[in-house]
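# An overview of the molecular structure
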Amino acid sequence: MGKNLSPLGQLNIRKSVLGLTIGAGAVYLLYKAIKTGMKCQQPLSTSSPTCIARLAIERERHGGDSGELRRLLNSLENRHDEYTKGMILHNITRCVYLLEAEASACTPDDIMLVGSMLDDKDNSVKIQALNTLKAFSGIRKFRLKIQEHFIKVLELIATIWDSELHIAGLRLLNNLPLPDFVHPQLRRVMPALMEILQSDYHLAQVQAIRLLSHLAQKNDLLYDILNCQVHTNFLNLFQVKQPGSLLFEVLVFAERLSEGRNTPHYRAVKWHYNEQSLHEALFGEKSRLADRLLALVIHPEEEVQIQACKVIVSLQCPQDIRGRSSSCITGHPCFNSGE
């Protein structure tokens, strides 16, 4: 029949068929959208991010309490397999971020319950518990309670070689004030932190260097950091090919170490370092740090350039001199161009 039609007639038929096909597809997609929406109108499932978000929106709109966070915390007290415990913790984390009022209404006992999951035999449960504690650490009143788990978190980081656990644990520690009572434990885990820094896991490296940079500002920990043993290729962390975010953090770390070792307090003692120490890699007579820094002065990212110049200045000027004279800054090649 189609053979007897003109080309124009055949084209019109094809357009009609195509229109029907597209229309049927659109109807099907609309059906799926309505069906999904109806599911969220049913009792809310915590496995759905969309429904969790709806809880937050409804709470803000009506000023009510969804009860979802309390239900999840109560559920966590029951016996579950590792997968279920991990999912409950994951959903608690989401609720803490989304349901601020309900999260603030939680108690120290809830924090202890979550913290007890750090002793679970399954690493994935430990990771989810660390993420949940990180979420709760954003609420000021819980920080002291979470600090009670500081040593346990350090122990996990030092004894389990798992990049996801390192990232979760270090993010938590970097979000907490550093209590003095953990300094002895920090000395013991320093080699592990340095190993994480020299690993190939970018996110873990960034979190490790941020913690080390903070520790470098503690007078009683500075020598332990500088005398920590590092790999012979440690200065590879200063190579231009490294991600800009990591380079920036490594340079901040180097600046703080340089400033710390140049303080009158630190220089008053004659320190001895082992040959493979971080001090020798960065500041020893055979160190090639200066070459790496000069290469980073022309790095594509401006914050890396600026931070490289800051390290150069800190190497040229002891801290007690820098405040009294600008000659070491203006006389350095990095600043001669007038840029």
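Quantities reported herein were computed from a predicted structural model and do not represent experimental measurements.

### Some words on the confidence of the model for the chain
Of the residues in the chain, 74% reach a pLDDT of 70 or more, and the chain-wide mean stands at 84. Residue range residues 320-339 is modelled with pLDDT below 50. Its contacts to residues more than four positions away, or to other chains, number 18 contacts.

### Looking at the environment of Leu-156
Within the secondary structure, Leu-156 sits in helix 9 (residues 150-159). Taking the C-alpha atoms as reference points, Leu-156 and Leu-118, 38 residues apart in sequence, are found 8.5 Å from one another. Setting aside its immediate chain neighbours within four residues, Leu-156 contacts Leu-118, Lys-126 and Leu-165.

### Here we look at the pattern of salt bridges
Enumeration over the complete set of coordinates arrives at eleven salt bridges. One salt bridge connects Arg-210 with Glu-249, and the closest N-O pair in it is separated by 3.0 Å. With Arg-210 in helix 12 (residues 202-215) and Glu-249 in helix 14 (residues 244-261), this pair connects stretches of sequence that are 39 residues apart. For Asp-291, the salt bridge identified is with Arg-288, shortest N-O distance 2.5 Å.

### Details of the packing of helix 3 (residues 68-76) against helix 4 (residues 82-98)
For the pair helix 3 and helix 4, the least separation of the axes is 10 Å and the interaxial angle reads 155°. Relative to helix 4, the element helix 3 is oriented roughly antiparallel. Regarding helix 3 and helix 4, the two cross each other, and that crossing is left-handed. Only Lys-85, Ile-88, Leu-89, Asn-91, Ile-92, Cys-95 and Val-96 of helix 4 make contact with helix 3, whose side of the interface consists of Glu-68, Leu-69, Leu-72, Leu-73, Ser-75 and Leu-76. Considering only residue class, the contact of helix 3 with helix 4 consists of nine nonpolar, two polar and two charged.

### Quick look at the environment of Asn-274
Its location among the elements puts Asn-274 in the loop between helix 15 (264-267) and helix 16 (278-283). Residue classification places Asn-274 among the partly exposed positions, given a relative accessible area of 27%. The spacing of Asn-274 and Cys-228 is 46 residues in sequence and 8.3 Å in space, taken between C-alpha atoms. Once residues lying within four places of it in the same chain are set aside, the contact partners of Asn-274 are Asn-227 and Glu-280.

Conventions used here
- Going along each chain's sequence as written, the residues are numbered from 1 onward.
- Local features are withheld for residues below a pLDDT of 70 in this predicted model, meaning they are given only at 70 or higher, and side-chain atom pairs are given and counted only at 80 or more; totals for whole chains, interfaces and linings count all residues.
- Working from all heavy atoms in the structure, the side-chain values ignore hydrogens and water.
- Scored between 0 and 100, pLDDT is the confidence that the predictor attaches to each residue.
- Contacts between residues were defined by any pair of non-hydrogen atoms, one from each residue, lying within 4.5 Å.
- Numbering of helices and strands runs from the N terminus; a helix is a DSSP stretch of H or I covering at least four residues, while a strand is a stretch of E covering at least two.
- One speaks of a salt bridge when a side-chain nitrogen belonging to Lys or Arg is within 4 Å of a carboxyl oxygen belonging to Asp or Glu.
- The axes used here are C-alpha line fits, helices contributing only the stretch in contact, and every angle between their N-to-C directions lies in the interval 0 to 180 degrees.
- By the definition adopted for this analysis, an angle is roughly parallel if under 35 degrees, roughly antiparallel if over 145, roughly perpendicular if from 65 to 115, and oblique otherwise.
- When the near helix sits turned anticlockwise from the far one by under a right angle, the crossing is termed left-handed; a clockwise turn instead gives a right-handed crossing.
- As a working rule, the residues Ala, Val, Leu, Ile, Met, Phe, Trp, Tyr, Cys and Pro are called nonpolar, Asp, Glu, Lys and Arg charged, and the rest polar, with Gly in that last group.
- Accessibility here uses a 1.4 Å probe with only protein chains present; expressed as a share of the type maximum, an area under 20% marks a residue as buried, one over 50% as exposed, and anything in between as partly exposed.

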